[in-house]
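What follows is the residue order along each chain.
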Amino acid sequence: MLWLTIILHLFIGSTLAGVGIVVLLVIGQGGAWALAGAVLAGFLLAFPVAWLVARAMHGDGT
């Protein structure tokens, strides 16, 4: 299940980071620190989300 979590993290993390970047650009906050924060937030938030999705896909979820 670890490999599934890692693969899912790649896709979920890039998706969350992309959504964060788009939101920042739409509201006019296109500074380098803000964009880097959105990327970091997407990367970190993707760990528990990928774990939950992998657990559900593997059949161990509720």
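For the structure, see preceding data.
Residues numbered from 1 in each chain as written. Predicted model: local features only at pLDDT ≥ 70, side-chain atom pairs only at ≥ 80, totals over all residues. Heavy atoms only, no water.

Novice: Which residues make up the environment of Trp51, and what values do they have?
Specialist: With respect to the helices and strands, the residue Trp51 is situated in helix α2 (residues 32-58). By relative accessible area, Trp51 is classed as partly exposed at 40%. Ignoring sequence-local partners within four residues, the contact set of Trp51 consists of Met1 and Thr5. (Helix = DSSP H or I, 4+ residues; strand = E, 2+ residues; numbered from the N terminus. Buried < 20%, exposed > 50% of the residue type's maximum accessible area, 1.4 Å probe, protein only. Contact = heavy atoms within 4.5 Å.)

Novice: For the side chain of Thr5, give the residues involved together with the corresponding values.
Specialist: When you line up the elements, Thr5 lands in helix α1 (residues 2-26). Looking at Thr5, the relative accessible area reads 15%, which means it is buried. Contacts of Thr5, omitting those with residues within four sequence positions, involve Ala50, Trp51 and Ala54.

Novice: Give a description of the packing of aromatic side chains that names residues and reports values.
Specialist: One pass over the structure, following the stated rule, counts one aromatic pair. On the numbers, 5.2 Å between centres and 80° between planes, the contact of Phe43 with Phe47 is edge-to-face. On the criterion of helical spacing, the pair formed by Phe43 and Phe47 is a turn pair, its members being four residues apart in helix α2. (Phe/Tyr/Trp six-rings, centres within 6.5 Å; stacked < 30°, edge-to-face > 60°.)

Novice: Give a detailed account of the nonpolar core, specifying residues and quantitative values.
Specialist: The biggest cluster of nonpolar side chains holds five residues, and these are Leu8, Ile12, Ala46, Ala50 and Ala54. Discounting residues that sit within four places of it in the chain, Ala50 has contacts with Thr5, Leu8, His9 and Ile12. (Core = buried A, V, L, I, M, F, W, Y, C linked by side-chain atoms within 4.5 Å.)

Novice: Break down the environment of Ala56 for me, with residues and values.
Specialist: With respect to the helices and strands, Ala56 occurs in helix α2. Along the chain, Ala56 and Ile6 lie 50 residues apart, while their C-alpha atoms are 15 Å from each other.

Novice: I'd like to hear about a nonpolar patch on the surface, residue by residue, with values.
Specialist: Where nonpolar side chains cluster on the molecular surface, the patch consists of Val19, Val22, Val23, Val26 and Ile27 and spans about 470 Å² of accessible area. Following the sequence through the fold, Val19 ends up in helix α1. (Patch = residues over 30% accessible without salt bridge, like charges linked within 9 Å, V, L, I, M, F, W, Y side chains within 5 Å. Areas by Shrake-Rupley, 256 points an atom, 1.4 Å probe, with all protein chains shown as cover. Salt bridge = Lys/Arg side-chain N within 4 Å of Asp/Glu carboxyl O.)

Any link to function would need more than the numbers given here.
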